[in-house]
Amino acid sequence: MALRSAAATLAKRAALAAAPQVARATTSIAARSMASQTLELSTYLESKISAAAGSEDSAVKYAETGSVISVGDGIARVYGLANVQAGEMVVFACGLRGMALNLEEDNVGVVIFGDDRDILEGDTVKRTGAIVDVPVGDELLGRVVDGIGQPIDGSLLDSCKRSRAEVKAPASSRASPSEPMLTGLKAVDALIPIGRGQHAIAIDTIINQKTKKDPLACIYVGVGQKRSTIAQLVGQLDDKEAMDNCIIVAATASDSAPLQFLAPYTGAAMGEYFRDNGKHAVIFYDDLSKQAVAYRQMSLLRRPRPRGLPRDVFYLHSRLLERAAKMHRNLGDPGGDVSAYIPTNVISITDGQIFLESELFYQGQRPAISVGLSVSASDPPPSTRPPGRRAGTMKLELAQYREVAAFAKFGSDLDAATQQQLNRGVRLYELLKQGQYMPYEPEEVVASLFIGVKGYCDRIDVEHVQAFEEAFLAHMKGAHAAVLKDIVDAGYVLSEGTEQKMHDIAEDFTNGFSP
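Residues numbered from 1 in each chain as written. Predicted model: local features only at pLDDT ≥ 70, side-chain atom pairs only at ≥ 80, totals over all residues. Heavy atoms only, no water.

A. Molecular detail of the environment of V91. With respect to the element layout, V91 can be found in strand β3 (residues 88–92). Among the residues examined, V91 registers a relative accessible area of 24% and is labelled partly exposed. Considering only alpha carbons, one finds V91 and T124, 33 residues apart in sequence, at a separation of 8.6 Å. When near neighbours in sequence (up to four residues on either side) are disregarded, V91 contacts L96, R97, T124, V125, K126 and T128. (Helix = DSSP H or I, 4+ residues; strand = E, 2+ residues; numbered from the N terminus. Buried < 20%, exposed > 50% of the residue type's maximum accessible area, 1.4 Å probe, protein only. Contact = heavy atoms within 4.5 Å.)

This is the structure:
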């Protein structure tokens, strides 16, 4: 009797353990059956429609047009469009455009560039036969456009060339950064020189370009920003008369996720036009983290994930950075060296980084650039080196100051050399402070760094260093403009004669300065 009871108990346990597996198997079989039935039904309906029409026109219509099955969250499921290509632009009956992103056996997933509330189930969708492209060219300078290049500043675009939003990045035809890209920021131009083909800081760089003989075309891509923020930016650039050399691509927070996803590629295509026509351009993405969020929103509709970003988000950004390149003049292979460009990770692709530190920001250091953590791979030749390459030991002195300042907080006695390091360091940091939207010319950066590195600021109280610098630069531009011209003509290299003149001028001015 006991054996029978034990056998019954074991049988019940085995049945309970097998139940979930059976349920999962049943669910899986049911899902496959449903998918198979859906595919068979769509195939059956397609054949019936073709037979009823009795001609090849229906097959052509099915291949070139489709109908909306469902729509929501910026995504439309479309039946038909049998010949559509991945990335092709399609047009809805209401006039909105979209991009075929997901090609499945029985429907096409289309991301909608606009408000999906204007699209209804059953609406007709037509192919355009063109992969998503955007307007490019000089006509865009001074304009504000949306994520697909359509103007939103109140006037239409005249005839513009067009280019695909997504293209392959150049590989062996890239050139290493060899020409400076001056930002007008002392802390960047002095300590972290940026070459053309690298990346930079946005608004001050745009404003700084207006005074240059050969200005870079500037492209600002605002992703997920407020409309008021974009309006303020345009107003600032207009006030500084820098808008005529700038293109604003705005995919604001109120725009759909597909527009926010595509906007950086639209900006990249516009920049490539200038690069491929022998010109220079600089592009700013503000910011790519919001593009990643938009891409996640689109991806969740296609392949749901519990949390985090899709695994291919690195490729999303790396192909943008790879497209920002400076090309060889002959667009050929540099000496057959295929390894001249090998993508590894984001830092290597960006050729360096400018690290902004919140602690410095709260201490009043603007721009709050961490000199120790920021690095640049730019190595321009001597004839084109930015003024920062003449900063001497400034970067080392700032790094030593940060180290010594950490120990000085403990209140221990300091020797004379350490005290001198602290005095010099705090004044150099004060000298690097700069007002917003107030870029410096390269010769002004050289003169400013000279009075810091050579110790003339050491005799000035810390709270008066900025006033001292401002007065010294005004004195140089007024009474000694010829010396500044000599610095420019020499490629920002201080010859012995020019350096001695600078010492004499700085000594006399420091002795007579009173705050």
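This is not the end of the story, as more comes after the structure.
B. Examining helix α4 (residues 202–209) more closely. Where burial is concerned, most of α4 is hidden: eight out of the eight residues are buried. For α4, the set of buried residues is A202, I203, D204, T205, I206, I207, N208 and Q209.

C. A look at the nonpolar core. Formed by 41 residues in total, the largest nonpolar core has its most connected members in M394, L398, I451, F468, F472, M476 and M502. Of all the elements in the fold, those that place two or more residues in this core are α3 (186–191), α11 (394–408), α12 (416–432), α13 (442–453), α14 (465–479), α15 (481–489) and α16 (496–512). It is α13 that provides the largest number of residues to this core, a total of seven residues. Contacts of M394, omitting those with residues within four sequence positions, involve L191, L428, L432, L449 and V453. (Core = buried A, V, L, I, M, F, W, Y, C linked by side-chain atoms within 4.5 Å.)

D. Expanded view of a negative patch on the surface. A surface patch of negative charge is lined by D238, D239, E241 and D244. If you trace the backbone, E241 turns up in the loop between α5 (227–239) and β12 (246–251). (Patch = residues over 30% accessible without salt bridge, like charges linked within 9 Å, V, L, I, M, F, W, Y side chains within 5 Å. Areas by Shrake-Rupley, 256 points an atom, 1.4 Å probe, with all protein chains shown as cover. Salt bridge = Lys/Arg side-chain N within 4 Å of Asp/Glu carboxyl O. Lys, Arg positive; Asp, Glu negative; His and termini not counted. Charge placed at Lys NZ, Arg CZ, Asp CG, Glu CD.)

E. A look at the packing of α13 against α14. At a minimum axis separation of 10 Å, α13 and α14 run at an interaxial angle of 130 degrees. As the angle between them shows, α13 and α14 are arranged oblique. In this structure, the crossing between α13 and α14 has a hand that is right-handed. Here α13 contributes E444, A447, S448 and I451 to the contact with α14, which in turn contributes F468, E469, F472, L473 and K477. (Axes fitted to C-alpha atoms, helices over the stretch in contact; angles between N-to-C directions. Parallel < 35°, antiparallel > 145°, perpendicular 65-115°, else oblique. Left-handed = near helix turned anticlockwise from the far one by under 90°.)

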